[in-house]
Amino acid sequence: GENVEQHPSTLSVQEGDSAVIKCTYSDSASNYFPWYKQELGKRPQLIIDIRSNVGEKKDQRIAVTLNKTAKHFSLHITETQPEDSAVYFCAAIWSTLTFGKGTMLLVSP
Amino acid sequence: NAGVTQTPKFQVLKTGQSMTLQCAQDMNHNSMYWYRQDPGMGLRLIYYSASEGTTDKGEVPNGYNVSRLNKREFSLRLESAAPSQTSVYFCASSEGTLSLSSYNEQFFGPGTRLTVL
């Protein structure tokens, strides 16, 4: 079936460190992988996405990498700041979007 | 533009009561979605509407019904609420249907926090 596994469930880093969140997906047919950020008490918002025809995409301090052979993709945040603290969700598309269970990122000053 | 709006923001129900969650979008999007979010479970799709006049079940449809009233509005109804339906409910919309051949950003509403006692 269609499934997305996300790790870790919580991640604590010091300000300025890098953070990496990894997701694996079950069905190789998927070809679109968005990442959403959800601040406490707020709605999820798209921060970056990647399609299967590229291996990496960057947007300032955020990057996403995709390994289609291994069926996994990762979110990389460099030079983390306290405002990066949030829950991050990965997702994969099949007939609809299937989300991972989320990673709570805590960035300490 | 208000984007995606939801009412109410908070609701407390007793077991067995019914209620309807309202969602509207002003972005002229074709597709709309209802998700529930529970701690440690991520976002799970309840129902979606690919276009006006159509609705389809998602991953967790039991205990819910939906109505796509028009292009702007998509409501979620709980006919007989149960404590297991305590959750945060998010409505979302996208310009087109999300599928293997179509990628569209989903825009989420602010959520409704529902508690069933």
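Every value quoted in this text rests on a predicted model; they were computed, and no experiment measured them. (Residues numbered from 1 in each chain as written. Chains lettered and ligands numbered in written order. Predicted model: local features only at pLDDT ≥ 70, side-chain atom pairs only at ≥ 80, totals over all residues. Heavy atoms only, no water.)

1. Concerning the state of the cysteines
Residue and element names in this part refer to chain A.
- Counting across every chain of the model gives two disulfides over all chains.
- The side chain of Cys 23 participates in a disulfide bridge whose partner is Cys 90; the two sulfur atoms lie 2.0 Å from each other. Measuring handedness by torsion sign, the sulfur bridge of Cys 23 and Cys 90 sits at about -100° and is left-handed. One end of the pair, Cys 23, is in strand S3 (residues 19-25); the other, Cys 90, is in strand S9 (residues 86-93), and 67 residues separate them in sequence.
- Here Cys 23 falls in the buried class, since its relative accessible area comes to 0%. (Disulfide = S-S within 2.5 Å. Helix = DSSP H or I, 4+ residues; strand = E, 2+ residues; numbered from the N terminus. Buried < 20%, exposed > 50% of the residue type's maximum accessible area, 1.4 Å probe, protein only.)

2. Overview of the packing of aromatic side chains
- On inspection of all chains with the given rule, the structure shows 14 aromatic pairs over all chains.
- Consider the rings of Tyr 35 of chain B and Phe 108 of chain B, whose centres lie 5.6 Å apart with planes at 40°: the pair is tilted. With Tyr 35 of chain B in strand S4 (residues 31-38) and Phe 108 of chain B in strand S10 (residues 107-108), this residue pair connects regions lying 73 residues apart in the sequence.
- Overall, the relative accessible area of 0% leaves Tyr 35 of chain B in the buried class.
- Their ring planes at 65° and their centres at 5.9 Å tell us that Tyr 64 of chain B and Tyr 89 of chain B sit as a pair that is edge-to-face. You can see Tyr 64 of chain B sitting in strand S7 (residues 64-68) and its partner Tyr 89 of chain B sitting in strand S9 (residues 87-94), a full 25 residues away along the chain.
- Among the aromatic side chains, those forming a connected cluster through ring pairs are Tyr 36 and Phe 99 of chain A together with Tyr 33, Tyr 35, Tyr 48, Phe 90 and Phe 108 of chain B. (Phe/Tyr/Trp six-rings, centres within 6.5 Å; stacked < 30°, edge-to-face > 60°.)

3. Some words on the sheet that holds strand S6 (residues 56-59) of chain A
Residues and elements named next belong to chain A.
- Sheet architecture is open: five strands sit in the order S1-S3-S8-S7-S6, paired in antiparallel fashion. Each of the sheet's edge strands pairs with one partner strand only, and the pair in question is strand S1 (4-7) and S6. Between one strand axis and the next, the sheet turns through 15° on average, direction left out of account.
- The sheet contact formed by S1 and S3 spans four bridges and is antiparallel. Residue pairing in the sheet places His 7 in a bridge with Lys 22 of S3. (Pairing = 2+ DSSP bridges. Axes fitted to C-alpha atoms, helices over the stretch in contact; angles between N-to-C directions.)

4. Quick word on the interface of chain A and chain B
- Facing the 20 residues of chain A at the interface are 19 residues of chain B.
- Of the roughly 1800 Å² buried at the junction of chain A and chain B (both faces included), carbon and sulfur atoms supply 62%.
- A per-residue breakdown of the area chain A buries against chain B is headed by Arg 43, Phe 99 and Lys 101 of chain A, which together make up 28% of the total.
- Linking chain A to chain B there are zero salt bridges.
- Linking chain A with chain B are four residue pairs in polar contact (both at pLDDT 80 or more), by the criterion used here.
- Every element with two or more residues in the side of chain A that touches chain B is listed here: strand S4 (32-38), strand S5 (45-51), S9 and strand S10 (97-99) of chain A. (Contact = heavy atoms within 4.5 Å. Buried area = accessible area lost by both parts, 1.4 Å probe. Salt bridge = Lys/Arg side-chain N within 4 Å of Asp/Glu carboxyl O. Polar contact = N/O pair within 3.5 Å; in protein donor to acceptor, adjacent residues only side chain to side chain.)

5. Brief notes about the pairing of strand S8 (residues 72-77) of chain A
All names here are of chain A.
- Pairing geometry for S3 and S8, over six bridges, is antiparallel. What sits directly across from Lys 22, in S8, is Ser 74.
- Pairing of strand S7 (residues 62-67) with S8, which is carried by six bridges, proceeds in the antiparallel orientation. Residue Thr 65 lies in a different strand from S8, and its bridge partner there is Ser 74.
- Once S7 ends, the chain turns through four residues before running back antiparallel as S8, passing Lys 71 with a positive phi of about 60°.

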